[in-house]
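# Residue-level structural notes
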Amino acid sequence: MTDEELVQEAIKYREHSYSPYSHFAVGAAVLTKSGHVYGGCNIENASYPVGICAERTAIVKAVSEGERDIVALAVVGDTPGPCSPCGMCRQFIGEFKIPRIIMANLHGVRKTVTLEELLPFAFTDSDM
C-alpha cells in the first residue's frame, strides 16, 4: 500500500468522527507488517479527557486484533498544513515504535516524518 492510499483510508475514517464540541474531525489509518489497515477517528466526550484521538483509536484497533508490528500511520485533518498528532498520541505512537508517520490535510498537503523526528527524546521502556 502506498502512503497516499493510506492517507485516503484515513480520510474515509475521518467521516465517522464524533466531534460535536470541537467540530474538528480527524481520521487516521495504520498499516501493519501483515498488510492489514486499521482506521479510526476522534471521538469526543462532554468530559473532555474521556475522548480519544483518531491516531490512538486506529492503533488500539490494530493491537486489539493481535497486530503489534505497525509500519506506518497516516493522520488527516482539515488544517492549513499537515495535521500533526498531539503530544499524547506521539507518545502512544512511540510505544509501538511506528517508524513512518504521514501527516496530511484535505487539500493535498503531506509531510512524512520518522518517529524520531516526531518525538525526539521519547519516554521508552529503556527509561523504566
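Residues numbered from 1 in each chain as written. Predicted model: local features only at pLDDT ≥ 70, side-chain atom pairs only at ≥ 80, totals over all residues. Heavy atoms only, no water.

Now for the sheet that holds strand 1 (residues 26-32). The five strands are arranged 2-1-3-4-5 in an open sheet whose pairing can be described as mixed. On the outer flanks of this sheet lie strand 2 (37-41) and strand 5 (110-114), each paired with one strand and no other. Averaged over all neighbouring strand pairs, the angle between strand axes comes to 15°, with direction disregarded. Where strand 1 and strand 2 come together, five bridges link them in antiparallel fashion. Residue A28 lies in a different strand from strand 2, and its bridge partner there is G40. Where helix 1 (residues 3-14) meets the sheet, it contacts strand 1, strand 2, strand 3 (70-77), strand 4 (100-105) and strand 5, and its direction lies at approximately 135° from that of strand 1. (Pairing = 2+ DSSP bridges. Helix = DSSP H or I, 4+ residues; strand = E, 2+ residues; numbered from the N terminus. Axes fitted to C-alpha atoms, helices over the stretch in contact; angles between N-to-C directions. Contact = heavy atoms within 4.5 Å.)

The next thing to look at is helix 1. Over its 12 residues, helix 1 runs 17 Å from end to end, which matches the ideal 16 Å to within 8%, given 1.5 Å per residue. All of the buried residues in helix 1 are L6, V7, A10, I11 and R14. For helix 1, the angular spread of the buried residues around the axis is 150°, confining them to a single face. Check the buried side of helix 1 and you find it contacts strand 1, strand 2, strand 3, strand 4 and strand 5. (Expected span 1.5 Å × (residues − 1). Buried < 20%, exposed > 50% of the residue type's maximum accessible area, 1.4 Å probe, protein only. Arc of directions from axis to C-beta.)

Attention shifts here to the packing of helix 2 (residues 54-64) against helix 3 (residues 87-95). Where helix 2 contacts helix 3, the axes come no closer than 9 Å and their chain directions differ by 25°. It follows from the interaxial angle that helix 2 and helix 3 lie roughly parallel. Crossing handedness for the pair helix 2 and helix 3: left-handed. Of helix 3, the residues touching helix 2 (which contributes E55, R56, I59 and V60) are M88, C89, F92 and I93. Of the residues contributing to the contact of helix 2 with helix 3, the split by class is six nonpolar, no polar and two charged. (Parallel < 35°, antiparallel > 145°, perpendicular 65-115°, else oblique. Left-handed = near helix turned anticlockwise from the far one by under 90°. Nonpolar A, V, L, I, M, F, W, Y, C, P; charged D, E, K, R; others polar.)

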